[in-house]
Structure formats: C-alpha cells, structure tokens
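Chain by chain, the residues run as shown.
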Amino acid sequence: MKIAIVCYPTYGGSGVVATELGKYLANRGHQIHFVSYAIPSKLSTFCDNIFFHGVEMFTYPLFEFPLYSISLSSKLVDVAIFNDIDLIHVHYAIPHATSAYLAREILKYEKHNKRIKIITTLHGTDITLVGLEPSFQKTLKFSIEHSDGVTAVSKFLKEKTISSYNIQNDIEVIYNFVDTEKYKKLSTPELKKLREHYAPNNEKILIHTSNFRKLKRVTDVIKIFHNVAKKISSILILIGDGPERSECEKLSRELNISGKIYFMGKQDSITELLSIADIFIMPSESESFGLSALEAMSTSLPVISSNIGGLPELNINGVTGYTVDVGDIERMSDLTIDLLSNESEYKKFSINARKRAEDFKAEKIIPLYEKYYEKILSK
Ligand code: GMT
C-alpha cells in the first residue's frame, strides 16, 4: 500500500506511535509518506520505503496567522497525486482529519478524479481537551464522521468519543504498541556502573517520564517520592521537560529533597535509565492509554498509576502494579513502599509487567492496522 501519514512531529506519544507505525509498515513493504511541518523526532535515521514531505508555510503580510490547515491539505493533494497514495492516515482529529477531508474532496473534484480513503486515529487530547473547546466541537464531530475509518487507542477513548460527540460511525480500538526488543531490561557491566552512579548506596530508584504538562501531575510524583524516601532509601529520576518543570524543581527544593531528584530533561533513548530503575510512577489526571507506562512495563517495571482513562486497560491492579484514584498521594506512596519492601512480591509484579507488555508488542498490533487499512480500502 502507499500510505500518507500525518502527525505532530514532536516528542508526544501520538507522534511516537505514528512514526513507529510508519517504520514498521515500511519494513513490511509498504511505501510510507510522512507529511508534517517538521521531520518527526523518531525519524532521525534513513529507512528504506520512507519519504518525508514538509508542509511549507505560506506567508504574506495580509495573513496575520499561518494557514497551517490549508497548507497541509494542499500538500496532501500534491503528495497523493504524485505518489499515487491509496490512504491518508492522520493522527489527531484536529486539525489533521479536517485537512485530510478537504484534500480528499479536492482530489475527487474535476480532472483529478482520484479517490482516496482517510483513517483518523484518536489519541486523547484531541477528544478530551481540544475538541471540547465549544467552537471546535462541530468541526471535530464532522471530521470524525467524515473519515472513512476511525481508530482509538483504548476502549475508554472510544466510549468517551462516542458519548461526548454523539458519534455515529464505528470506532475500532487499536492499542498503543511497544518494541519489546528495544524496551527490555538490560543488565550490562556499564549499566551496573550507571546504577551505582545514581544510587551509590544501593538506593531504590523511582522513575517517571512525561512532557510535564499539568495533567501529568508531576508534582504528585515528587510528593510520593518525598513520602517513600522517608521510609526507604531511594532516589527519583524524572525524564522529560515541559511547562511544569520549574514548579517541580521549586517543590523539590521546598521539600528539601532536590539532592535526591535527577531532572534529566528530554532524552532520546531511555532504555538504559528504565533498566536501572525499580518502579514507574504515572499519576496523570487524564491518560487515554499511557504509552510511557507500557514502555516501562516492557522494561519489567511495575507501575503505580492513577485509575483513569485507558490506564486500567494496561496496568492491571494488583498484578502489574496498582491503579489508584487521581490525587490519592498517600495510597500511591503506601503501595510504592509495600512493593519496594517486599522482594518476592516485587519480583512477581516485575515479571507480570513484562508479560502484560508482550500483549502489546508491535508484532501483534501492527497487523491489526494493516487489516483495518484493507477493510477500509475495500469499502
Ligand atoms: O500524553 C501526552 O501528553 C502526549 C499525548 C499526545 O497527544 O501525543 O499522548 C496521547 O497519545 C498517546 C499515544 O496514543 C497515549 O499513550 C497517551 O495516553 C495520550 N495522552 C493523553 O491522553 C493525555
């Protein structure tokens, strides 16, 4: 198949899913054309069968604001005609599904007379935040209902979409996936040294990774760590960057624990850091799936998470970790302490986490996308 993939190129989970999906599909012989305003961050090395088309931003003094959605539609029209594209797969409804709709209508028009199909994958924030902005609601509903196929990354997100927008078409649930070979607990002499560097007195290592948006509740991670460190000698590794980072740094100084917290910032490869850690904390107040929790589980880390959104579909309470009410810092702290102080119980959870992650291995999920593409193309 010849597929155009539209995504946000930045570090967010939707961009990662879109890029990794494209790479797997290219490996399986499909021709993939990424269309975005910048090259996706996970596409830094050459891959056969993958092409990138940058959306050029047209500027003119009269246009005070960039016309991204129209520029994207125009680029999609060109890419579809000159590369004989069968399918446009957009990640995020707003504005990508709307731009794809316009591209499809232009392609049908007059002498182009080219029929292409659009699949929209919903990742979360487009539904739970952006689309609920009153002025976007009708556009979002229209764009979803005029896609030829729609997928959501969890049952929660599917139901939330249907109930929030009274959506009439079918939504297929296709979960996030993980490369279980890349995200695998490593134990090399170098990593032993790395662990000794961060935890010289054999402290336990708590870890969290996110884009530090408010909804990730990174300050809860710090408060949980504060409680845990009172009982168990431990350190905290925080990976990522974003709007809440300075607030978190301030809190760690106020609680007098900044010497035990490592703010690593954005990191390209995190397998090494996950490999030296003991437990992953994800207290988000909204999470349609929780890709970073899946990556941690694949690296054999039990997860203490909130029980909202799609997280309970991934993290099985009492088996792979614990799921707790949003904001219940005391319970999250107590369960972390329990797990870290009971070696045999910890081992069981760690094995279960890896086993659960294997249910989402790329080799199982990618064929579901291929099957869905075929179904939509044959409609
Ligand atoms: O979580 C983020 O802030 C990034 C966000 C995105 O839009 O890229 O991630 C969303 O999509 C991921 C991939 O499908 C999901 O695993 C995340 O749970 C989801 N984030 C939220 O729902 C907050």
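Residues numbered from 1 in each chain as written. Predicted model: local features only at pLDDT ≥ 70, side-chain atom pairs only at ≥ 80, totals over all residues. Heavy atoms only, no water.

Engineer: How do you make sense of the pairing of strand β9 (residues 234-239) when you look at a structure like this?
Structural biologist: Every other side chain in a regular strand lies on the same face of the sheet, so the side chains alternate between the two faces. The element β9 is extensively covered by neighbouring structure, given that six of its six residues are classed as buried. Alternating residues of β9 divide into Ser234, Leu236 and Leu238 and Ile235, Ile237 and Ile239, and every residue in both groups is buried. Alignment of strand β8 (residues 204-209) against β9, held across six bridges, turns out to be parallel. Note that in β9 the partner of histidine 208 across the bridge is leucine 238. In this fold, β8 hands off to helix α8 (residues 218-231), which returns the chain to β9; that crossover is right-handed. Of the strand pairs in this sheet, β9 and strand β10 (residues 261-265) are connected by four bridges, and their pairing is parallel. Residue pairing for β10: isoleucine 239 is matched across the bridge by glycine 265. (Buried < 20%, exposed > 50% of the residue type's maximum accessible area, 1.4 Å probe, protein only. Helix = DSSP H or I, 4+ residues; strand = E, 2+ residues; numbered from the N terminus. Pairing = 2+ DSSP bridges. Right-handed = clockwise from strand over helix to strand, strands pointing away.)

Engineer: When you look at the pairing of strand β6 (residues 149-152) in this model, what are you seeing that I'm missing?
Structural biologist: Residues of β6 alternate between two faces, with Gly149 and Thr151 on one and Val150 and Ala152 on the opposite face, all of them buried. Where strand β5 (residues 117-122) and β6 come together, four bridges link them in parallel fashion. Each residue of the ladder has a partner; that of leucine 122, found in β6, is alanine 152. Sheet topology places β6 next to strand β7 (residues 172-173); two bridges connect them, and they run parallel. The residue bridging alanine 152 from the neighbouring strand is valine 173, located in β7. Crossover β6 to β7 through helix α6 (residues 155-165) is right-handed.

Engineer: Would you mind going over the site of the ligand with me for this structure?
Structural biologist: Residues in close proximity to the ligand total 18 residues, the closest being His123, Asn176, Arg213, Lys216 and Glu287. Within the side chain of lysine 216, an N or O atom sits 2.6 Å from an oxygen atom of the ligand. Taking leucine 291, its main chain carries an N or O atom lying 3.0 Å from an oxygen atom of the ligand. For the shell around the ligand, the leading source of residues is helix α1 (residues 13-27), giving three residues. Classifying every residue of the shell around the ligand gives six nonpolar, nine polar and three charged. Viewed by domain, the shell around the ligand spans two of them, domain 1 (2-177 + 362-377) and domain 2 (189-360), each represented by three or more residues. (Near = heavy atom within 4 Å. Polar contact = N/O pair within 3.5 Å; in protein donor to acceptor, adjacent residues only side chain to side chain. Nonpolar A, V, L, I, M, F, W, Y, C, P; charged D, E, K, R; others polar. Domains from an automatic or database assignment.)

Engineer: Where do I start with the pattern of salt bridges in this structure?
Structural biologist: Once their charged atoms are close, side chains differing in charge can pair, the charge on each being opposite to the other. Across all of its chains, the model carries 22 salt bridges by this definition. Put simply, lysine 114 and aspartate 84 hold a salt bridge, and the shortest N to O gap is 3.2 Å. Pair noted here: lysine 114 is in the loop between α3 (93-108) and β5 and aspartate 84 is in the loop between α2 (68-83) and β4 (87-91), with a separation of 30 residues, a long-range link. The buried category is assigned to lysine 114, whose relative accessible area is 15%. (Salt bridge = Lys/Arg side-chain N within 4 Å of Asp/Glu carboxyl O.)

Engineer: Quick question: what am I supposed to make of the sheet that holds β8 here?
Structural biologist: Two pairing modes exist for strands in a sheet, parallel and antiparallel, and in both the strands are linked by backbone hydrogen bonds. As summarised here, the arrangement of the six strands in space is β10-β9-β8-β11-β12-β13, forming an open sheet in which the pairing is parallel. This sheet does not close on itself; its edge strands, each paired only once, are β10 and β13 (321-324). Across this sheet, the average inter-strand angle for adjacent strands is 20°, counted without regard to direction. (Axes fitted to C-alpha atoms, helices over the stretch in contact; angles between N-to-C directions.)

Engineer: Any chance you could explain the sheet that holds strand β3 (residues 50-54) here in plain terms?
Structural biologist: Taking strand neighbours across the sheet as the criterion, the seven strands line up as β3-β2-β1-β4-β5-β6-β7 in an open arrangement whose pairing is parallel. Each edge of the open sheet carries a strand with a single partner, namely β3 and β7. Of the pairings in the sheet, the one linking strand β1 (residues 2-6) to β4 comprises four bridges and is parallel in character. Its bridge partner lying in β4, isoleucine 3 is registered against leucine 87.

Engineer: What's the story with the domain arrangement of the chain in this structure? I'm lost.
Structural biologist: Each assigned domain of the chain is listed with its residue range as follows: domain 1 (2-177 + 362-377) and domain 2 (189-360). With centres defined by C-alpha atoms, the gap from domain 1 to domain 2 works out at 31 Å. Contact with domain 1, which involves 21 residues of that partner, is made by 16 residues of domain 2. Here domain 1 packs against domain 2, burying approximately 1400 Å² in sum over the two surfaces, 56% of which is carbon and sulfur. Here domain 1 is connected to domain 2 by zero salt bridges. The tally of links from domain 1 across to domain 2 stands at six residue pairs in polar contact (both at pLDDT 80 or more). Elements represented by at least two residues in the side of domain 1 that touches domain 2 include exactly α1, α4 (125-128), α6 and α15 (362-377). (Contact = heavy atoms within 4.5 Å. Buried area = accessible area lost by both parts, 1.4 Å probe.)

Engineer: For this particular structure, what's the right way to read the packing of α3 against helix α5 (residues 137-145)?
Structural biologist: Packed helices, taken two at a time, are described by the angle between their axes plus the distance between the axes. It is the contact of α3 with α5, at a shortest axis distance of 9 Å, that shows an interaxial angle of 55°. By the criterion of interaxial angle, the relationship of α3 to α5 is oblique. In this structure, α3 meets α5 at a crossing whose hand is left-handed. Each of Ala93, Ile94, Ala97, Thr98 and Tyr101 in α3 lies in contact with α5, whose residues at this interface are Thr139, Leu140, Phe142, Ser143 and Ile144. Considering only residue class, the contact of α3 with α5 consists of seven nonpolar, three polar and no charged. (Parallel < 35°, antiparallel > 145°, perpendicular 65-115°, else oblique. Left-handed = near helix turned anticlockwise from the far one by under 90°.)

Engineer: Just checking my understanding: could you explain α15 for this structure?
Structural biologist: Counting along an α-helix, one turn takes 3.6 residues, and residues three or four places apart therefore face a common direction. With 16 residues, α15 ought to run about 22 Å at 1.5 Å a step, and its terminal C-alpha atoms sit 22 Å apart, in line with that. Looking at the buried residues of α15, the elements they touch are β1, α1, β4, β5, β6 and β7. (Expected span 1.5 Å × (residues − 1).)

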